[in-house]
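# Architecture at a glance
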Amino acid sequence: MAIPIAIGASDVLVVVDVQNDFCPGGNLAVPDGDAVIPPINRLAQLFANVVLTQDWHPAGHLSFASSHPGRAPFDTIAMPYGPQVLWPDHCIQETPGANFHFALDIPHAALVVRKGFRKAIDSYSAFCENDRTTPTGLAGYLRERGLVRAFFAGLAFDFCVRYSAEDAARGGFGAVVIEDACRGIDLGGSMAAARESFAVRGIACVTADAIAAA
Ligand SMILES: [Zn+2]
């Protein structure tokens, strides 16, 4: 067995979008999505620094298929900033679907990053919206807090976790994805594409048992 990765004061766990709509019974349920919660709750105890992300759309968001007559969920359309997958309505601000799953238990999480709240721009990444120019502020937060290595877990592996980890690496942070604390959607080969991207960019993909307290 490999030497475990020791978690220290300059590491942060970023818990991506563990919200009701992405869990079974939700409007955009990721298969087996709630299975990420027990490992995330355990992992979070190893980290002094935890950030949560929350998908947070206004009603009528332009990433919803319902905003585009004649389009169906999971179609791809051209937005001014590039191709955009259309989703079922999900994570609408102040609805139960946008709430964190009740079983997520991380009282020491210090920051919630809300994303996707601009009507015309979707945001998969915790760092930067899908126009690739609008920052969420997370990079500044991590720098100011002296956090240099980010571990990612949550939903969905092949979208919001993928884009978040890529942007962390792009921003000069260490990036590690905890694969068994994620679940994916797998749309048109997106799981394989995510793994390939991680390999190309030097983003480590590990399992939760490879992580230990410092
Ligand atoms: Zn969304």
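Residues numbered from 1 in each chain as written. Predicted model: local features only at pLDDT ≥ 70, side-chain atom pairs only at ≥ 80, totals over all residues. Heavy atoms only, no water.

Our focus in this paragraph is the packing of aromatic side chains. Throughout the structure, instances matching the rule amount to eight aromatic pairs. Ring geometry for Trp87 and Phe159: centres 5.1 Å apart, planes at 90°, overall edge-to-face. With Trp87 in the loop between β5 (82-85) and β6 (111-115) and Phe159 in helix α3 (residues 157-170), this residue pair connects regions lying 72 residues apart in the sequence. Exposure remark for Phe159: the relative accessible area of 10% places this residue in the buried category. Positioned above the aromatic ring of Trp56, the side-chain terminus of Arg114 is 3.7 Å from the ring centre. Between the NZ or CZ atom of Arg162 and the centre of the ring of Tyr163, over which it lies, the distance is 5.5 Å. (Phe/Tyr/Trp six-rings, centres within 6.5 Å; stacked < 30°, edge-to-face > 60°. Helix = DSSP H or I, 4+ residues; strand = E, 2+ residues; numbered from the N terminus. Buried < 20%, exposed > 50% of the residue type's maximum accessible area, 1.4 Å probe, protein only. Lys NZ or Arg CZ within 6 Å of the ring centre and 35° of its normal.)

Okay, the nonpolar core next. Membership of the largest hydrophobic core comes to 62 residues, with the highest contact counts inside it found for Leu13 and Phe152. Non-local contacts of Leu13, meaning those with residues more than four positions away in its chain, are made with Leu43, Ala44, Phe47, Asn49, Val50, Val51, Phe151, Ala153 and Ile178. (Core = buried A, V, L, I, M, F, W, Y, C linked by side-chain atoms within 4.5 Å. Contact = heavy atoms within 4.5 Å.)

The next point concerns unusual backbone geometry. Going from Leu155 to Ala156, the amide bond is cis rather than trans, its omega being -15°. With respect to the helices and strands, the residue Ala156 is situated in the loop between β7 (149-155) and α3. Of note in this structure, Asp17 is not a glycine but carries a positive phi near 55°. When you line up the elements, Asp17 lands in the loop between β2 (11-16) and α1 (37-44). The backbone of Asp186 sits at a positive phi, close to 60°, despite the residue not being glycine. Mapped onto the secondary structure, Asp186 falls in the loop between β8 (174-183) and α4 (190-201).

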